[in-house]
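So you can see what is in the structure, the chains are spelled out below.
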Amino acid sequence: MQTHNLIDLGDISKADLDEIIRLAAMIKANPSIFTDACHGKIMATLFYEPSTRTQMSFQTAMLRLGGQIIGFDNPSNASVAKGESLKDTIRVVSGYADVIVMRNPVEGSALAASMYSEVPLINAGDGGHLHPTQTLTDLVTLSAEKGSLENMTIGLCGDMKNGRTVHSLIKTLSKYKGNKFILISTPELQLPPYMLDVLRESGCPYSFSDSLEKSIAELDVLYMTRIQQERFRTAEEYEAQKGIYVLDKAKMALAKPDLIVLHPLPRVDEITVEVDDDPRAKYFAQAEYGMYARMALIITMLTGKADQDVPNGKVLDGRCCQNPRCVTRSEGYVPHLFYEKGGRSVCSFCDSLLEE
Amino acid sequence: MQTHNLIDLGDISKADLDEIIRLAAMIKANPSIFTDACHGKIMATLFYEPSTRTQMSFQTAMLRLGGQIIGFDNPSNASVAKGESLKDTIRVVSGYADVIVMRNPVEGSALAASMYSEVPLINAGDGGHLHPTQTLTDLVTLSAEKGSLENMTIGLCGDMKNGRTVHSLIKTLSKYKGNKFILISTPELQLPPYMLDVLRESGCPYSFSDSLEKSIAELDVLYMTRIQQERFRTAEEYEAQKGIYVLDKAKMALAKPDLIVLHPLPRVDEITVEVDDDPRAKYFAQAEYGMYARMALIITMLTGKADQDVPNGKVLDGRCCQNPRCVTRSEGYVPHLFYEKGGRSVCSFCDSLLEE
Amino acid sequence: MQTHNLIDLGDISKADLDEIIRLAAMIKANPSIFTDACHGKIMATLFYEPSTRTQMSFQTAMLRLGGQIIGFDNPSNASVAKGESLKDTIRVVSGYADVIVMRNPVEGSALAASMYSEVPLINAGDGGHLHPTQTLTDLVTLSAEKGSLENMTIGLCGDMKNGRTVHSLIKTLSKYKGNKFILISTPELQLPPYMLDVLRESGCPYSFSDSLEKSIAELDVLYMTRIQQERFRTAEEYEAQKGIYVLDKAKMALAKPDLIVLHPLPRVDEITVEVDDDPRAKYFAQAEYGMYARMALIITMLTGKADQDVPNGKVLDGRCCQNPRCVTRSEGYVPHLFYEKGGRSVCSFCDSLLEE
């Protein structure tokens, strides 16, 4: 691998990504070979906001490789997080651990942390910004269950607007040939313009749908997401629409026999419990693939070359990122770097557009 | 073992129970033989309510067998527990761990969880309902300290009414021959009628006492429990009575030289600190026996056949359990099953009687 | 080692201390030799108040020796800590673990706990009283970075009055020959009289300074500490003075090329971020030395003879320690012991003077 950190899945070449996916499959097939792969190594899981599922997945991955774990999961009793800069915490933990997994609500914090870490750092979610190991999990699942990542008709259903997971998955799958996307959503929750640009540039065919019922028969993959009530203007509107995007036994009856259904979990009620027993429901298997994905990632990171990230971008004199949730706002020593994109300046950490 | 879960100690045959007790003694005598018994295995401790002592006992047991642990202990930051059904959490964790230990304040939740778990599940307490590993601890202690589980005069002192631990211990010991029970309590806190039925059916002699001082000389075993102030109608009544059930040096002087004193801990002030140095005080040793009991249980579970529990009972059309703390009330997908007992219908999950 | 507990660094002979420091250096140089030194051993980290950094350092140390860890870090969900005496918790955990590390806000609690522990106990901080492994960390760092613990001019800067770390370091370094101390502080925050007695008795030269700028050129070691605003009478006074004790690039330019800068961390703003890249800044390395110091300590404790501490002192009839934060006030069964010092009686647990 060229990079030894995983901040953004987009930083990894398709070849490296394919290698991680292959390694995950190999581990799933022969777990005993990897039982001591990380013997004597320590992973720190620094969770500045709790996410028990993600943390348990990473911890299990490390333990199944024979490694050990330290860390915290509770911002309120993590004294390490109080009155101390992110840099200092990362520098200290770098001296304890061989690899750091960090989840932090501040956008861009993972890239900032990687600048100061002396060991590989994995982004387990930096606010609403990036969550690359969820996408890696999705890819490992798709590859194992469908045999490849190509030539699929992929339905994405629910909230296309706000889901970082959905955006990252579309970005990655649009690089594989023959994929076609059906975006099943209400107009209010459709994919934002910059994501439509991504699709257009990729050349992948895509279409819109407002009905899961009408579209399900075409799909090879159905990726369900949560629809959150607060996204709607009125409670009535939410109530009226949410039923459209509930996957139930009746809708499953319309689907192909080799459809697979994914969901990043936790689900609320967008998939009824009766669907769980359908062999095409793969969302619990997906969580288990996530463990193998993370095992493959940890091995890849620990065998890579470790040196600090140098973020892409340059200082624009006097300009600061305007996103109040950006790490450059809360950690004063982080340089204010921007890169160019389509003639505009974009923050190197949180990827927000700089307003003129 | 016929079952691969431990939900209720009553589900385990006497032969299987004796085997676990023997294994615990063997581990205590030769711990080094078992150092790697669970190498490569992972236990998840899912504590929906904190119980540091029980969790530490299970964790130590697994670690001393060479296994590893994941899990959570704090309901407030367990995102896995938020907005997600018990079923989904159990299905996901089943994909990570080789054995699940769950403590949950909802009655019947352990049996419900075992229906969806793909790995063995151990009940570490489901509300006020069951806590089988405490009773297993008591049995391992008694067997080791007294040489067998038969022919003992057992005094149980304190709260006979509310203690699930005491009820479970009486149920189990009444199956062994030659045991005699002395129930030392105030009338308000005496054993409930259904427990007296259990004793009558077993044929074990039993008697009531309201004085620890008068009864202690007869005992081979004294099992002390906490008396909780809130059980009394007035503070005066509590104050007047609590002294009766304090075990102190003076009362110990009246007891047999081979008496053993047990207590499930934590104690408040029902045993004075001066008793701790008496060699007959075995409550700290009991906590250590609990670790060996859990080591034996884990080995037994991991070597058993794993398939999901099918609860005993059937749906009665339209009827739901009326216990507001029952798992069938909070987890909508759990079937409303009832079994027959003495012509009455009883909830298969929380064992509450169904009112007509 | 004569003692198998570490409650107060002053209890360890200089010879034993030197041996631990040598062992730490050996581990740092050859970590792989020690990978399985504690295989099969369990450390309990009982943190009655959170201190993520200290806990992670101990946990990493144990894991890097091949041992395992149990424990708690959150007083609010540590049921073991609720309604249970310290003695009972320690007795129970003694049955689970091979070594106990305890942090507890109650002064003298570590010594009290060691009276009841059946395994070695390490004090990881007992209120404002003692924190011996921080001082051990400082000594291991100094010894490695300066080659010995002798013949140094040591500047201590910031809060000399309240810092238990600073007092303990001075006490220990004053036993090594050729050391000279420069105490850099405001008059309000200077070293208290009993510490000046220690220095006088040791025969080490010492001087006072109110300016870091003026004194820095003389130093071989600069030990920075936090200055806390609440120590000052007014906000203005704090604002006016705090700049004096900020170490920055300009002040570093005045210092010797072989100065080393230490800080117990976390820092707030008493060292500017720009100093971090100066090769003389050793505070992050110091945190890593702390891990090796704890590894050496754990090995030493586990290979020592384990029997309970008998505190030095005797009961003075009817007299109780007057310090409201003393363990003898909250744990009623702890004996009220006092030792003589300069004709005065001093509490054996919290070292407070008994008022006549």
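For the structure given in this document, a descriptive report is provided here. (Residues numbered from 1 in each chain as written. Chains lettered and ligands numbered in written order. Predicted model: local features only at pLDDT ≥ 70, side-chain atom pairs only at ≥ 80, totals over all residues. Heavy atoms only, no water.)

### Focus on the environment of C:Val273
Tracing the sequence through the fold places C:Val273 in the loop between β9 (260–262) and α11 (283–303). You can call C:Val273 partly exposed: its relative accessible area is 31%. A C-alpha to C-alpha distance of 33 Å links C:Val273 and C:Val101, two positions 172 residues apart in sequence. Other than its neighbours up to four places away in sequence, C:Val273 contacts A:Lys87, A:Tyr333 and C:Arg267. (Helix = DSSP H or I, 4+ residues; strand = E, 2+ residues; numbered from the N terminus. Buried < 20%, exposed > 50% of the residue type's maximum accessible area, 1.4 Å probe, protein only. Contact = heavy atoms within 4.5 Å.)

### Brief notes about the relation of the copies chain C and chain A
Superposing chain C onto chain A requires a rotation of 120 degrees together with a translation of 0.0 Å along the rotation axis, leaving an RMSD of 0.0 Å. Each copy turns onto its partner about a three-fold axis. Take the interface residues of chain C: only 8% of them recur as interface residues in chain A, which is what a contact between different surfaces looks like. (Least-squares fit on C-alpha atoms with pLDDT ≥ 70 in both.)

### Looking at the interface of chain B and chain A
Each partner contributes to the interface: chain B provides 26 residues, whereas chain A provides 26 residues. Carbon and sulfur atoms make up 53% of the surface buried where chain B meets chain A, a total of about 2200 Å² over both sides. In this assembly, chain B and chain A are joined by four salt bridges. Between B:Lys87 and A:Asp276 there is a salt bridge; the shortest N-O distance is 2.7 Å. For the pair chain B and chain A, the number of links is seven residue pairs in polar contact (both at pLDDT 80 or more). (Buried area = accessible area lost by both parts, 1.4 Å probe. Salt bridge = Lys/Arg side-chain N within 4 Å of Asp/Glu carboxyl O. Polar contact = N/O pair within 3.5 Å; in protein donor to acceptor, adjacent residues only side chain to side chain.)

### Structural notes on the packing of aromatic side chains
The final tally for this structure, using the stated rule, is 12 aromatic pairs over all chains. With 5.9 Å between their ring centres and 90 degrees between their planes, B:Tyr206 and B:Phe208 make a pair best called edge-to-face. Here B:Tyr206 falls in the partly exposed class, since its relative accessible area comes to 23%. For the cation-ring pair, A:Arg294 lies above A:Phe58, with the distance from its terminal atom to the ring centre recorded as 4.8 Å. (Phe/Tyr/Trp six-rings, centres within 6.5 Å; stacked < 30°, edge-to-face > 60°. Lys NZ or Arg CZ within 6 Å of the ring centre and 35° of its normal.)

### Quick look at the packing of helix α1 (residues 14–29) of chain A against helix α11 (residues 283–303) of chain A
Residues and elements named next belong to chain A. At a minimum axis distance of 8 Å, the contact between α1 and α11 shows a crossing angle of 115 degrees. For α1 against α11, the interelement crossing comes out right-handed. Across the interface between the two elements, Ile20, Leu23, Ala24, Ile27 and Lys28 from α1 touch Tyr289, Tyr292, Ala293, Met295, Ala296, Leu297, Ile299 and Thr300 from α11. Split into classes, the residues belonging to the contact of α1 with α11 amount to 11 nonpolar, one polar and one charged. (Axes fitted to C-alpha atoms, helices over the stretch in contact; angles between N-to-C directions. Left-handed = near helix turned anticlockwise from the far one by under 90°. Nonpolar A, V, L, I, M, F, W, Y, C, P; charged D, E, K, R; others polar.)

### Looking at the interface of chain C and chain A
On the side of chain A, 26 residues touch chain C, which itself brings 25 residues to the contact. For the pair chain C and chain A, the summed buried surface comes to about 2200 Å²; carbon and sulfur atoms form 54% of the total. Among the residues of chain C in contact with chain A, C:Met56, C:Arg64 and C:Phe284 are the three that bury the most area, contributing 27% of the side total. At the junction of chain C and chain A, the tally comes to four salt bridges.

### Details of the pattern of salt bridges
Counted by the stated rule, this structure contains 39 salt bridges over all chains. A salt bridge links A:Asp98 to C:Arg64, with the nearest nitrogen and oxygen atoms 2.9 Å apart. In this pair, A:Asp98 is assigned in the loop between α3 (86–96) and β3 (99–104) and C:Arg64 in helix α2 (residues 52–64), connecting two distinct chains. One salt bridge in this structure joins A:Glu107 and A:Arg325, with 2.9 Å as the shortest N-O distance. Taken together, the positions of A:Glu107 in the loop between β3 and α4 (109–116) and A:Arg325 in the loop between β10 (314–315) and α12 (327–330) put the pair 218 residues apart, joining distant regions of the chain. One continuous salt-bridge network, built from bridges that share partners, spans A:Lys87, A:Asp88, C:Arg267 and C:Asp276.

### Here we look at the relation of the copies chain B and chain A
Least-squares fitting of chain B to chain A yields an RMSD of 0.0 Å, with the transformation described by 0.0 Å of translation along the axis and a rotation of 120 degrees. When the interface residues of chain B are mapped onto chain A, a mere 8% of them again fall at the interface, so the copies present different faces.

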